[in-house]
Amino acid sequence: MSVIARQIGQCFAAEVEGINMAKPLSREDVTAIHAAMDRYAVLVFHDQDIDDEQQLAFTRSLGDLEHAIGTSLRAPDEYRLPTTFADVSNLDKDNRVFTRDDRRRLFALGNRLWHSDSSFKATPAKYSLLRAVSVPSKGGNTEFAYMRAAYDSLDTETKELIEPLICEHSQIFSRQILGFTDFTEEERQRFAPVRQRLVRTHPTLGFKSVYLSSHAGSIVGWPVPEARAFLRDLTEHATQRQYVYAHRWRVGDLVMWDNRQTMHRARPFPVHEPRDMRRTTLMGEGPTVTQAA
Ligand SMILES: [Fe+2]
């Protein structure tokens, strides 16, 4: 079967036909998917009737897996899914919807802010693969913004200003924006900030993009309020509607995106409805601070 990627909505998003994730990928399929991810930054695969093992196998055929250990407020005995998955659902381990004021839900509301997955890890995520197992009756879209276009459209002065900058990222910063601040001492240590470049260069194609995320809470060497105001301005610029693709989920969709050149956010949906989304993640090449901008 030949693989076809057809642009949808934005220049950086495409729908892919010709992939059945229930079956092992051929070498040609793997090459075609990587080529499509180089050409686009968001790929949509519809009607994938697969289970967790098949999602894992598909993910592993494309690279090295990133595990999700200690990145949420779920205690180790509260995990619904193995740590090969990031549980992006609003469900507890017995598949019950979190109550409105559940601490784990409130922490996870950070996903409503523009971010890049695992930017709070020293080696952040490369690709994320999110599969819709159940979707709410309305809302719950995921929106994507293209950080390559955001970079290209900056003026020369701003490009020169941000080129050498290093930011500090932590989930504590993103949650602080929403007024979630009641972290335990253990959580504060677990979510200690890591450093990331603000300008990234695509490792094989060589273009630049801004590496923004709501997890970014400071710029090394800058006063904090000035850094936050500046990052907020940059984020506002980068997430203008002309750079945004909004994905409306159907059960069986799997969307794969490149965290190195996009940000994304989840949109609201009815509180009491289940939204079961399961993410596998491919690890990035290494810490961005050791990569040339
Ligand atoms: Fe995310």
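The text that follows walks through the structure, step by step, so that each part is easy to find. Because the structure is predicted, anything quoted here is derived from the model rather than measured.

Rules of the game
Residues numbered from 1 in each chain as written. Predicted model: local features only at pLDDT ≥ 70, side-chain atom pairs only at ≥ 80, totals over all residues. Heavy atoms only, no water. Salt bridge = Lys/Arg side-chain N within 4 Å of Asp/Glu carboxyl O. Helix = DSSP H or I, 4+ residues; strand = E, 2+ residues; numbered from the N terminus. Buried < 20%, exposed > 50% of the residue type's maximum accessible area, 1.4 Å probe, protein only. Contact = heavy atoms within 4.5 Å. Polar contact = N/O pair within 3.5 Å; in protein donor to acceptor, adjacent residues only side chain to side chain. Donors = N, O, S within 2.8 Å, 3.2 Å for Na, K, Ca; no water. Arc of directions from axis to C-beta. Pairing = 2+ DSSP bridges. Axes fitted to C-alpha atoms, helices over the stretch in contact; angles between N-to-C directions.

**With respect to the pattern of salt bridges**
Step number 1: Enumeration over the complete set of coordinates arrives at 24 salt bridges.
Step number 2: For Asp 87, the salt bridge identified is with Arg 74, shortest N-O distance 3.3 Å. Here the residue Asp 87 occupies a position in strand S5 (residues 86–87), and Arg 74 occupies one in the loop between strand S4 (65–66) and S5, the gap between them amounting to 13 residues.
Step number 3: Classification of Arg 74 by relative accessible area gives buried; the value is 8%.
Step number 4: Between Asp 92 and Arg 96 there is a salt bridge, with the nearest N and O atoms lying 3.1 Å from each other.
Step number 5: Accessibility expressed as a relative area gives 51% for Arg 96, which makes it exposed.
Step number 6: Here the salt bridges share partners, and the residues they tie into one network are Asp 52, Arg 74, Arg 80, Asp 87, Arg 131, Asp 276 and Arg 278.

**Examining the environment of Arg 275**
Step number 1: Relative to the assigned elements, Arg 275 resides in the loop between strand S15 (262–266) and strand S16 (276–283).
Step number 2: The exposure class assigned to Arg 275 is buried, which follows from its relative accessible area of 5%.
Step number 3: Sequence spacing of Arg 275 and Val 133 is 142 residues, and the spatial spacing of their C-alpha atoms is 7.8 Å.
Step number 4: Excluding anything up to four places from it in sequence, Arg 275 contacts Val 88, Ser 89, Asn 90, Ser 134, Pro 136, Gly 140, Asn 141, Thr 142, Trp 249, Ala 266 and Phe 269.
Step number 5: Looking at Arg 275, its side chain comes within polar contact range of the main-chain oxygen of Gly 140, at 2.8 Å.

**So, the coordination of the iron ion**
Step number 1: Protein ligation of the iron ion involves His 115 (NE2), Asp 117 (OD) and His 264 (NE2), the donor distances falling in the range 2.1 to 2.2 Å.
Step number 2: All donors of the iron ion belong to a single chain; written as a sequence motif, their spacing is H-x1-D-x146-H. Of this pair, His 115 sits in the loop between helix H3 (103–108) and strand S6 (125–134) while His 264 sits in strand S15; the two residues are 149 residues apart in sequence, bridging distant segments of the chain.

**Description of helix H2 (residues 52–60)**
Step number 1: Listed as buried for H2 are Asp 52, Gln 55, Leu 56, Phe 58 and Thr 59. Along the axis of H2, the buried residues cluster in a sector spanning 165°; they form a single face.
Step number 2: Buried residues belonging to H2 abut helix H1 (27–39), strand S3 (42–45), S4, S6, strand S14 (254–258) and S16.
Step number 3: N-capping of H2 is provided by Asp 51, with a side-chain oxygen placed 3.2 Å from the backbone N of Glu 53.

**Things to note about the sheet that holds strand S8 (residues 166–169)**
Step number 1: Taken together, the 3 strands give an open sheet; going across it, the order is S9-S8-S12, and neighbouring strands pair in antiparallel fashion. Edge positions in the open sheet fall to strand S9 (194–197) and strand S12 (216–219), since each of these has one partner strand only. Adjacent strand axes in the sheet meet at a mean angle of 40°, parallel and antiparallel pairs treated alike.
Step number 2: Relative to S12, S8 runs antiparallel, the two sharing 3 bridges. Considered in S12, the bridge of His 169 is made with Ala 216.
Step number 3: Helix H8 (residues 224–238) contacts S8 and S12 of the sheet and is inclined by roughly 125° relative to S12.

**A closer look at the sheet that holds S15**
Step number 1: Across the sheet, which stays open at both edges, the 3 strands sit in the order S13-S7-S15 with antiparallel pairing between neighbours. Looking along the sheet, the strands with just one partner apiece sit at the ends: strand S13 (244–247) and S15. Each neighbouring strand pair of the sheet contributes to a mean axis angle of 20°, computed without reference to strand direction.

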